[in-house]
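Here's the letter readout for the chains.
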Amino acid sequence: TSSPETYRAIVPRIHIRPGSVDGAAVLGLHLEGPFISEYKYGAHNKTLIQPTIGTHLLDVYGNLDTVSIVTLAPELPGAE
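Source: prediction; values computed, not measured.

## Quick notes on the overall build of the chain
Right, so step 1: Helices and strands together make up the secondary structure of the chain, namely two helices and two strands.
Right, so step 2: Reading the secondary structure of the chain in the N-to-C direction produces α-β-α-β.
Right, so step 3: Once the C-alpha set of the chain is aligned to its principal axes, its extents read approximately 45 × 25 × 25 Å.
Right, so step 4: Within the chain, buried positions represent 24% of all 80 residues.
Right, so step 5: Of the roughly 5,300 Å² of accessible surface on the chain, 57% is carried by carbon and sulfur atoms.

## A word on the pattern of salt bridges
Right, so step 1: A full pass over the atoms with the stated rule returns one salt bridge.
Right, so step 2: The shortest N-O distance in the salt bridge between R8 and E5 comes to 3.8 Å. On the criterion of helical spacing, the pair formed by R8 and E5 is a turn pair, its members being three residues apart in helix 1 (residues 4-10).
Right, so step 3: R8 gets classed as partly exposed once you look at its relative accessible area, which sits at 35%.

## A few points about the nonpolar core
Right, so step 1: Of all hydrophobic cores here, the largest spans eleven residues; its members are Y7, V11, L29, L31, F35, I53, V60, Y61, V67, A73 and L76.
Right, so step 2: Secondary-structure elements contributing two or more residues to this core are strand 1 (29-32) and helix 2 (57-61).

## What about the pairing of strand 1?
Right, so step 1: Only one face of strand 1 is covered, namely the one carrying L29 and L31; the face carrying H30 and E32 has none of its residues buried.
Right, so step 2: Of the strand pairs in this sheet, strand 1 and strand 2 (residues 67-71) are connected by four bridges, and their pairing is parallel. Counted as the bridge partner of H30 is I69 from strand 2.

## Some remarks on the packing of aromatic side chains
Right, so step 1: Using the criterion set out here, one finds two aromatic pairs in the structure.
Right, so step 2: An angle of 85° between the planes, with centres 4.9 Å apart, marks the rings of Y7 and Y61 as edge-to-face. Of this pair, Y7 sits in helix 1 while Y61 sits in helix 2, placing them 54 residues apart in sequence. You'll find Y7 and Y61 in the same group, each marked buried.
Right, so step 3: Ring geometry for F35 and Y61: centres 6.3 Å apart, planes at 85°, overall edge-to-face. Of this pair, F35 sits in the loop between strand 1 and helix 2 while Y61 sits in helix 2, and the two are 26 residues apart along the sequence.
Right, so step 4: Given the relative accessible area of 0%, F35 is considered buried.
Right, so step 5: Connected via pairs of aromatic rings, a cluster forms that spans Y7, F35 and Y61.

Cut-offs and rules
Residues numbered from 1 in each chain as written. Predicted model: local features only at pLDDT ≥ 70, side-chain atom pairs only at ≥ 80, totals over all residues. Heavy atoms only, no water. Helix = DSSP H or I, 4+ residues; strand = E, 2+ residues; numbered from the N terminus. Buried < 20%, exposed > 50% of the residue type's maximum accessible area, 1.4 Å probe, protein only. Areas by Shrake-Rupley, 256 points an atom, 1.4 Å probe, with all protein chains shown as cover. Salt bridge = Lys/Arg side-chain N within 4 Å of Asp/Glu carboxyl O. Core = buried A, V, L, I, M, F, W, Y, C linked by side-chain atoms within 4.5 Å. Pairing = 2+ DSSP bridges. Phe/Tyr/Trp six-rings, centres within 6.5 Å; stacked < 30°, edge-to-face > 60°.

Written out as structure tokens, the structure reads:
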């Protein structure tokens, strides 16, 4: 889990690309947080957890073009 500012700075810099002899393929990003459980947050920084998904995902991540998976807690308001 990172701050929205960090996500907005990093996510657009990652590009999907095929694999080659020089390296593995990048299939897309898997974003974990900040929409995770405040009770089961593991190694995530609890102060960065957002308790609702009412915030538009683009406001947090900035860009979803290269995102394949977003992990979020299904019990959070707005997860449906």
